[in-house]
Amino acid sequence: MAMTSRERVLTVLDHKVPDRVPIVLGVSNATGIKMAPYRGLKKILDISAPDEYIYDWPELGSAKIDDETMRRLRNDVRGVLDRFPADVYKRNNKREPHTPCIDDWGSGQIEIEPGIWFPGLHPLAEATTITEIEEYNGWPDMDDPTRFEHVADEAKKLADEDEFAIMATPWLMFPFERAHAMQGMDKFLLNMAMYPDFAEALLRKNLSLCKQLLGNFLTEIGDNIDIIKIGDDLGTQDRLMISPKMYRRLLKPIHAELIDHIKKFTKAKIFFHTDGDVFNLVEDFIEIGVDILNPIQTSAGKMANLEDLKSLYGKDLVFCGAVDTQQILPHGTPEEVRQEMKRVINILGKGGGYMVASVHTIMHEVPPENILAMVNAVEEFGYYPLK
């Protein structure tokens, strides 16, 4: 018997076998679609929905996918997002065109080519002392009600409909990446080695603000949630950004505390997003309470070995992702996408425990035909027993 989308996802999260492998697309920036391929999808599918952006943030470039397109993509999850404070929208809407977009932390994006924005403003770029952290006057107000006043109604509506799994996706609850935004990645990585006390203090400041927002967000959303997304990008194409020793000394306690804090408010499963080759930290993620690992970057080092990931960690983790966005989706043919989907589903989907998603956001270069080939392949190969 066919399951509802929510039943399908909850079955997988319980490490049982559903009717088919679930699909997670367009739910958050980590599983999203950029505007160009979204427009292409709507054209192919003859859907006339307006162009909208998640967080009402054009500079981010990720589309807010309309319900008709979501259903055509057979997406089994719906997201509930927070918002920036109202005064941040007001300020950015009044700025001159093409000038930097500044967020609520004081960090910002600059336009590197027409319509393409990249993080380039770091308010604590030169800081190396704890005093400079304490004296910075740009820290965000995480109690601003305009961030989360909509959350309860949105989540309740989805819960009452009881059709889709609900994933809470508050923006960038990533303490490590927040440090990159405040200092620049190169500066902060250097400071972790040169000024570890400073680096830890900045991480803990970021943690405290993330915990504050999450407390407000989760209080509003109540029990109407199945999954909550957090994370931190920790890997490169072939190795970790920092050593396992440094991760376990500086960052692992931060992540553990964040997860413990979340579990005081909800029984929702912890969805942890971390790009790159993070194979050597998977056991650490399990130890601190991660339930779902995303995005399984198959183009990065040991993460390409899906058989080992499944055999070693499949009993403890649900895998979400593994559809390559560096070569297969942007440069492959629809048939090559179809064959890759068959391969991935038959490895990670064996016995359940897998949700289909692209490796991070589907970028501008991806043809919409390949997105449809991806989801159509789930219909062809994703039903149990797997073909």
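Residues numbered from 1 in each chain as written. Predicted model: local features only at pLDDT ≥ 70, side-chain atom pairs only at ≥ 80, totals over all residues. Heavy atoms only, no water.

On to helix 2 (residues 35-45), then. Residues of helix 2 that are buried: M35, P37, Y38, G40, L41, K42 and L45. Those residues of helix 2 that are buried are in contact with helix 3 (67-72) and helix 15 (368-381). Positioned one or two residues after helix 2, D46 has a phi angle of 60 degrees, which is positive. (Buried < 20%, exposed > 50% of the residue type's maximum accessible area, 1.4 Å probe, protein only. Helix = DSSP H or I, 4+ residues; strand = E, 2+ residues; numbered from the N terminus. Contact = heavy atoms within 4.5 Å.)

With that out of the way, let us pick up the pairing of strand 10 (residues 354-358). Buried residues dominate strand 10, accounting for five of its five residues. Residues Y354, V356 and S358 of strand 10 are buried on one face, and the alternating residues M355 and A357, pointing to the opposite face, are buried as well.

Moving on, we get to the packing of helix 7 (residues 175-183) against helix 8 (residues 185-194). The contact between helix 7 and helix 8 brings their axes to 7 Å, and the two run at 115 degrees. Classified by chirality, the crossing of helix 8 by helix 7 is right-handed. Facing helix 7, whose interface residues are F176, A179, H180 and Q183, helix 8 presents M185, K187, F188, L189, N191 and M192. A class-by-class count of the residues in the contact of helix 7 with helix 8 yields six nonpolar, three polar and one charged. (Axes fitted to C-alpha atoms, helices over the stretch in contact; angles between N-to-C directions. Left-handed = near helix turned anticlockwise from the far one by under 90°. Nonpolar A, V, L, I, M, F, W, Y, C, P; charged D, E, K, R; others polar.)

So, about helix 14 (residues 334-348). For helix 14, spanning 15 residues, the distance from its first C-alpha to its last is 21 Å, which sits close to the expected 21 Å at 1.5 Å a residue. Buried within helix 14 we find V337, E340, M341, V344, I345, I347 and L348. Taken around the axis of helix 14, the buried residues stretch over an arc of 165 degrees, which confines them to a single face. In this structure, the buried side of helix 14 is in contact with helix 12 (306-313), strand 9 (318-323), helix 13 (328-331), strand 10 and helix 15. (Expected span 1.5 Å × (residues − 1). Arc of directions from axis to C-beta.)

Under the criterion given, the structure shown has 30 salt bridges. Note that R8 and D19 form a salt bridge whose closest N and O atoms lie 2.7 Å from each other. Remark: D19 occurs in the loop between helix 1 (5-13) and helix 2 and R8 occurs in helix 1; sequence separation between them is 11 residues. Comparing R8 with D19 shows no difference in burial state: the two are buried. A salt bridge links D160 to K156; the nearest nitrogen and oxygen atoms lie 2.7 Å apart. Residue D160 and its partner K156 are located together in helix 6 (residues 151-161), separated by four residues, close to a single helical turn. (Salt bridge = Lys/Arg side-chain N within 4 Å of Asp/Glu carboxyl O.)

Structurally, I44 is set in helix 2. Classification of I44 by relative accessible area gives partly exposed; the value is 40%. For the pair I44 and P368, spaced 324 residues apart in sequence, the C-alpha to C-alpha distance is 7.8 Å. Every residue in contact with I44, bar those within four places of it in the chain, is listed here: P368, E369 and L372.

This part covers the packing of aromatic side chains. Taken as a whole, this structure holds 11 aromatic pairs when the rule is applied. For the pair F84 and Y89, a centre-to-centre distance of 5.9 Å together with 65 degrees between the ring planes defines the contact as edge-to-face. When its relative accessible area of 7% is taken as the criterion, F84 is described as buried. Joined through ring pairs, the aromatic side chains of Y55, W57, F84, Y89 and W171 make up one cluster. Sitting over the ring of F164, R78 keeps its end group 3.6 Å from the ring centre. (Phe/Tyr/Trp six-rings, centres within 6.5 Å; stacked < 30°, edge-to-face > 60°. Lys NZ or Arg CZ within 6 Å of the ring centre and 35° of its normal.)

In this section: the state of the cysteines. Considering all chains together, one arrives at zero disulfides under this definition. Cysteine C101 is unpaired, with the sulfur of C210 as its nearest cysteine sulfur at 19 Å. Assessed through its relative accessible area of 7%, C101 is described here as buried. (Disulfide = S-S within 2.5 Å.)

This part takes up the pairing of strand 4 (residues 116-121). Pairing geometry for strand 3 (residues 108-113) and strand 4, over five bridges, is antiparallel. Counterpart to E111 in the pairing with strand 4 is W117. Adjacent in sequence and paired antiparallel, strand 3 and strand 4 are bridged by two residues, among which G115 carries a positive phi angle near 80 degrees. (Pairing = 2+ DSSP bridges.)

Before going further, it helps to spend a moment on a nonpolar patch on the surface. Taken together, the side chains of I110, I112 and F118 define a hydrophobic patch exposed on the protein surface, amounting to about 280 Å² of accessible area. Along the polypeptide, F118 turns up in strand 4. (Patch = residues over 30% accessible without salt bridge, like charges linked within 9 Å, V, L, I, M, F, W, Y side chains within 5 Å. Areas by Shrake-Rupley, 256 points an atom, 1.4 Å probe, with all protein chains shown as cover.)

Generally, phi is negative for residues other than glycine and the peptide bonds are trans, each holding for most cases. A cis amide bond, omega 10 degrees, links N294 with the succeeding residue P295. Here P295 is to be found in the loop between strand 8 (292-294) and helix 12. Here the amide bond leading from Y384 into P385 is cis, since omega sits at -5 degrees, within 30 degrees of zero. In this fold, P385 is placed in the segment after helix 15. For D56, which is not a glycine, the phi torsion comes out positive at approximately 50 degrees. Note that D56 resides in the loop between helix 2 and helix 3. Exposure remark for D56: the relative accessible area of 46% places this residue in the partly exposed category.

Once that is clear, we can look at the side chain of E177. Here E177 lies in helix 7. No salt bridge forms around the buried E177; measuring N to O, its nearest opposite-charge neighbour K229 is 8.3 Å away. Excluding residues that lie within four positions of it along the chain, E177 makes contacts with L172, D232 and D233. (Lys, Arg positive; Asp, Glu negative; His and termini not counted.)

Neighbouring strands of a sheet are bound in pairs by backbone hydrogen bonds; such pairs are parallel or else antiparallel. Reading across the sheet, the seven strands line up as 1-5-6-7-8-9-10 and stay open at both edges, with parallel pairing between neighbours. Only two strands of the sheet have a single partner each, and these edge strands are strand 1 (77-80) and strand 10. Taking each pair of neighbouring strands and ignoring which way they run, the sheet shows an average axis angle of 30 degrees. Across two bridges, strand 8 lies against strand 9 in parallel orientation. Looking at the pairing, I292 lines up with V318 of strand 9.

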